[in-house]
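# Summary of structural features
For reference, the chains in residue letters:
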Amino acid sequence: MAVVSAAGSSKRFDDPSFRPVNRVSSLATPVSAPLASVVRHEENRMRNRRLRRGITALALALLALPAVPGTALAEPTYPFRDPHLPVHARVDDLLGRLTQDEKISWLHQYQPAIPRLGIGLFKTGTEALHGVAWSTDIDNNGAVVKARGTSFPQPVGMASTWDPDLIQRVGSAVGDEARGYHAQNPRVWGLNLWAPVVNLLRDPRWGRNEEGYSEDPLLTAAISTAYGSGMTGGDPDHLKSAPTLKHYLAYNNEVRRDVTSSNVPPRVLNEYDRAAFKPAIAADAATGVMASYNLVNGRPATVDPDLATVVRGWTDQPLMNVTDAWAPNNLVASQGYYPTQAEANAAIIKAGLNSFITDDTNAQPTVTAIKQALATGLLTEQDIDARIREILNVRFRLGEFDPGGGRYGGITPDVINSPEHQRLARQAAGEAMVLLKNSRQALPLDPTRTRKVAVLGPLADTLYSDWYGGDLPYEVTALDGIRERLGGSATVSGLDGADRIALKVPATGRYVTATGTTDADPVAATGATAELAAQFDVVDWGQDVVTLRNAANGRYLGYNWGPFLTRDAQPNGWYVQQQFKLEPQADGTVALRYAGYETTESWFGADTYVTVAPTAPSSSARPRRPTRPTSVARCSAAGSTGPSRPPRRPTPPSWSSVVTRSSTGARRTTAPPPP
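Residues numbered from 1 in each chain as written. Predicted model: local features only at pLDDT ≥ 70, side-chain atom pairs only at ≥ 80, totals over all residues. Heavy atoms only, no water.

Our next topic: the overall build of the chain. If you tally the helices and strands in the chain, you get 14 helices and 27 strands. Here the contacts in the chain between residues at least 6 apart in sequence split such that 68% fall between residues at least 24 apart. By element, 54% of the accessible surface of the chain is carried by carbon and sulfur atoms, the whole surface being about 30,600 Å². (Helix = DSSP H or I, 4+ residues; strand = E, 2+ residues; numbered from the N terminus. Contact = heavy atoms within 4.5 Å. Areas by Shrake-Rupley, 256 points an atom, 1.4 Å probe, with all protein chains shown as cover.)

Here you go:
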């Protein structure tokens, strides 16, 4: 229905710029009558009076209706809902409708819903390093939710393709699946994707080199730009997803990473480290960066002024930068860079970061500190507005406030692990392979002439996942693929080549034995014989680090902040608590040192040796958790008997019943003290 004002202009009720509250007074003015006839004048006057009454009543009715969150009825009254307006105008309109408290609340990772405006929750951060991997659930205390979609090669493999066009297609598939998961549950699966990682692989000892592309900034920039461009959809004004580059800047150390400084000369800073980040930002293939934990030239990266100046200068588009997890708290705690959280948070905002990733789902500490900063003059509302304006720009470009979710709002969960994406993953995996040797032209395998094949090594029949990968929807190992290729024409066997050992307590003659695969099944030194449950395959990971895989259940010996277990299907987790070292002793035994990554943290303490606790004679078969560690576990150095075969003679450790840890060991007696 058109509304004619006294000035003769027309508007429609479904026009977002039409506001009933501003039209009531203008509708009270009669429409000018024609001058041709007194009769026509009177008829028009009466007709317009009835029209005024009807429209005024409708306008007042619209004003009186309750504001139902998210309903189509309320949305057309807001210009920010109009997709035909410029983004900056829509941002200005919505920003002007937010209260100060609402704006501050949006600086935390979980930007809360605003029902009075029909706005839902927005969450920064879904991991998508080489496929949608995992996210966190605000409705379950921030618990990790794993994806089960298409898994593409790790970034090192992507770079090994040397094919940006292929990687752009991979990125597009990942963006599609992110949209598919978002359609399933937008409260879990946000569209701000934390990928790609462009830290340069300058040191193989980092331990996270599988996350990056290469040591070369040119190759890293080319592949990350391709991947990011695919994820965004290639149009910076209409984003399929919003990629975030990690981790700015000069980040290649995990040991006490929050207190170590990467001291980088200006030339290296500009020609090497920044050179890996700039191209993707300049090409609008990323919508922001994540600040790293480390310090750069003595300043915490979380308050690096680059984030407000240098990085934003690479593009005309506003960026949404985020902290790394819990990094805001480090500024006061481990780094001691600011005396209060209010000062730290003020510095973060002024440094150009938009989203505080801290305190899990609890935004209150962040909000409280920012309000304190405002109250003491450390921040102004204009500082807050600048960061919120950048957040809103990304949210608008994602189509959140457009009808139907915008250009990509119609993508459904059907795209997740679709046959098309499976074929693309197969192609990417094939092109990522680098053939180093092909003796006697053994490859490609020919079913007509190949009769026997042995597939050897720790990766022969194993697929390892990583921290930034989801659950695999299907698995094809090297052994599986070769068997499929040759069919029934050849005999194909596989062997991982691991040594198999047993561990025996010298004082008791009992064997260390797996008792199950759950948290309620601690490993116990109670076995009377070296049965299969008392045998472990030793896999060497380099630098004297080994894993111990139980021969009976295939699970890895690991630590879980208590007694040791055989629970995990593979070495994994944040600290990789399945790592050990076998340390030979002068008496021929071997002390077993626990080597999970958390042992390098200052809070872990000196208890790094695996120990056993005594069991009272009246104890039941299920061992109880020890109240304190006693003797260290030891075994004979002669435990290896060849690949995956039981030992001729099991090796003797000093395990008693329940396995725990201790600070000493190399000099402890092998016999446990009396109970």
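On to the pairing of strand E14 (residues 491-495). Here strand E13 (residues 452-456) pairs with E14 via five bridges, running parallel. Looking across to E14, one finds that Val453 is bridged to Val492. (Pairing = 2+ DSSP bridges.)

The next subject is empty space enclosed by the protein. Throughout the structure, instances matching the rule amount to five cavities of 30 Å³ or more. In this structure, the largest cavity encloses a volume near 60 Å³. Lining the largest cavity are 14 residues, with Val132, Gly149, Thr150, Ser151 and Gly470 positioned closest to its centre. Among the residues making up the lining of the largest cavity, the classes are represented as five nonpolar, seven polar and two charged. (1 Å grid on protein atoms, 1.4 Å probe; cavity = no way out; pocket = protein on both sides within 12 Å on 5 of 7 lines; lining within 4 Å. Points joined across faces, edges and corners; volume = space filled by probe spheres on them. Nonpolar A, V, L, I, M, F, W, Y, C, P; charged D, E, K, R; others polar.)

Inspection of the entire model under this criterion finds 23 aromatic pairs. Measuring from ring centre to ring centre gives 5.3 Å for Tyr78 and Phe80, while their planes differ by 15°; the resulting arrangement is stacked. Residue class for Tyr78 comes out buried when judged on its relative accessible area of 15%. Relative accessible area serves as the criterion here: at 0%, Phe80 is assigned to the buried category. Between Tyr248 and Phe277, the aromatic rings sit 5.0 Å apart at their centres with planes inclined by 80°, giving edge-to-face as the arrangement. Within this pair, whereas Tyr248 is found in strand E8 (residues 242-248), its partner Phe277 is found in helix H8 (residues 266-282), the two being separated by 29 residues in sequence. A relative accessible area of 0% places Tyr248 in the buried class. The rings of Tyr559, Trp561, Phe564, Tyr575, Phe580, Tyr594, Trp603 and Phe604 are connected pair by pair, giving a single aromatic cluster. In this structure, Lys246 is placed above the aromatic ring of Tyr468, and the distance from its NZ or CZ to the ring centre is 4.2 Å. Against the face of Trp106 rests Arg395, its NZ or CZ located 4.4 Å from the ring centre. (Phe/Tyr/Trp six-rings, centres within 6.5 Å; stacked < 30°, edge-to-face > 60°. Buried < 20%, exposed > 50% of the residue type's maximum accessible area, 1.4 Å probe, protein only. Lys NZ or Arg CZ within 6 Å of the ring centre and 35° of its normal.)

Right, let's talk about the sheet that holds strand E11 (residues 295-296) for a bit. Hydrogen bonds along the backbone pair up the strands of a sheet, which may run parallel or antiparallel. Across the sheet, which stays open at both edges, the three strands sit in the order E9-E11-E12 with mixed pairing between neighbours. The sheet is open, and its two borders are formed by strand E9 (261-262) and strand E12 (299-300), each paired with just one other strand. Pairing of E11 with E12 involves two bridges; the strand directions are antiparallel. Across the sheet, the residue bridging to Leu295 is Pro300, located in E12.

Along the chain, the position of Leu456 falls in strand E13. Along the sequence, Leu456 and Gly494 sit 38 residues apart, while their C-alpha atoms lie 5.8 Å from each other.

Another point: the nonpolar core. Ranked by internal contacts, the top residues of the largest apolar core, which has 65 residues, are Leu94, Phe277, Ile370, Ile384 and Ile388. Contributions of two or more residues to this core are made by helix H3 (87-97), E8, H8, strand E10 (289-291), helix H10 (341-350), helix H11 (364-375) and helix H12 (381-397). Ile384 has contacts with Lys103, Ile104, Leu107, Ile349, Ile370, Leu374 and Leu379, leaving out every residue within four places of it along the chain. Core analysis: the second largest hydrophobic core is formed by 27 residues, Phe152, Trp189, Ala226 and Met231 among them. (Core = buried A, V, L, I, M, F, W, Y, C linked by side-chain atoms within 4.5 Å.)

Taking 1.5 Å as the rise per residue, H11 with 12 residues should run 16 Å; its terminal C-alpha atoms sit 16 Å apart, in good agreement. Buried within H11 we find Thr366, Val367, Ala369, Ile370, Ala373 and Leu374. Down the axis of H11, the sector holding all buried residues measures 165°, keeping them to one side. Following H11 by one or two positions, Gly377 has its phi on the positive side, about 85°. (Expected span 1.5 Å × (residues − 1). Arc of directions from axis to C-beta.)

The next thing to look at is the environment of Ala113. Following the sequence through the fold, Ala113 ends up in the loop between strand E3 (110-111) and strand E4 (122-127). Note on Ala113: relative accessible area 38%, which makes it partly exposed. For Ala113, the residues in contact, after removing those within four places along its chain, are Ile119, Gly120 and Leu121.

Glancing now at the packing of H3 against H12. At their nearest, the axes of H3 and H12 sit 10 Å apart, and the two run at 125° to each other. As judged from the angle between their axes, H3 and H12 are oblique. Judged by the sense of rotation from one axis to the other, the crossing of H3 with H12 is right-handed. Residues Val87, Arg90, Val91, Asp92, Leu94 and Leu95 of H3 pack against Asp385, Ile388, Arg389, Leu392, Asn393 and Phe396 of H12. Along the lines of polarity and charge, the residues of the contact of H3 with H12 split into seven nonpolar, one polar and four charged. (Axes fitted to C-alpha atoms, helices over the stretch in contact; angles between N-to-C directions. Parallel < 35°, antiparallel > 145°, perpendicular 65-115°, else oblique. Left-handed = near helix turned anticlockwise from the far one by under 90°.)

Attention shifts here to the confidence of the model for the chain. Looking at the chain, the pLDDT average stands at 84 and 79% of residues meet or exceed 70. Across residues 1-47, where pLDDT falls below 50, the model places 52 contacts with residues more than four positions away in sequence or in other chains. (pLDDT = per-residue confidence, 0-100.)

Look at helix H7 (residues 217-232) against H8: their axes get within 8 Å of each other, and the N-to-C directions meet at 20°. In terms of orientation, H7 lies roughly parallel with respect to H8. For the pair H7 and H8, the sense of crossing is right-handed. Contact residues: Pro217, Thr220, Ala221, Ser224 and Thr225 in H7; Glu271, Tyr272, Ala275, Ala276, Pro279 and Ala280 in H8. When its residues are assigned to classes, the contact of H7 with H8 shows seven nonpolar, three polar and one charged.

Looking now at the pairing of strand E18 (residues 535-540). Across the six residues that make up E18, a large majority, five, are buried. Direction of pairing for strand E15 (residues 499-502) relative to E18: antiparallel, over a ladder of four bridges. The residue of E18 that forms the bridge with Asp499 is Val538. With five bridges connecting them, E18 and strand E19 (residues 546-550) associate as antiparallel partners. Paired with Val539 across the bridge in E19 is Thr547. What sits between the antiparallel neighbours E18 and E19 is a turn of five residues, in which Gly542 has the positive phi angle 90°.

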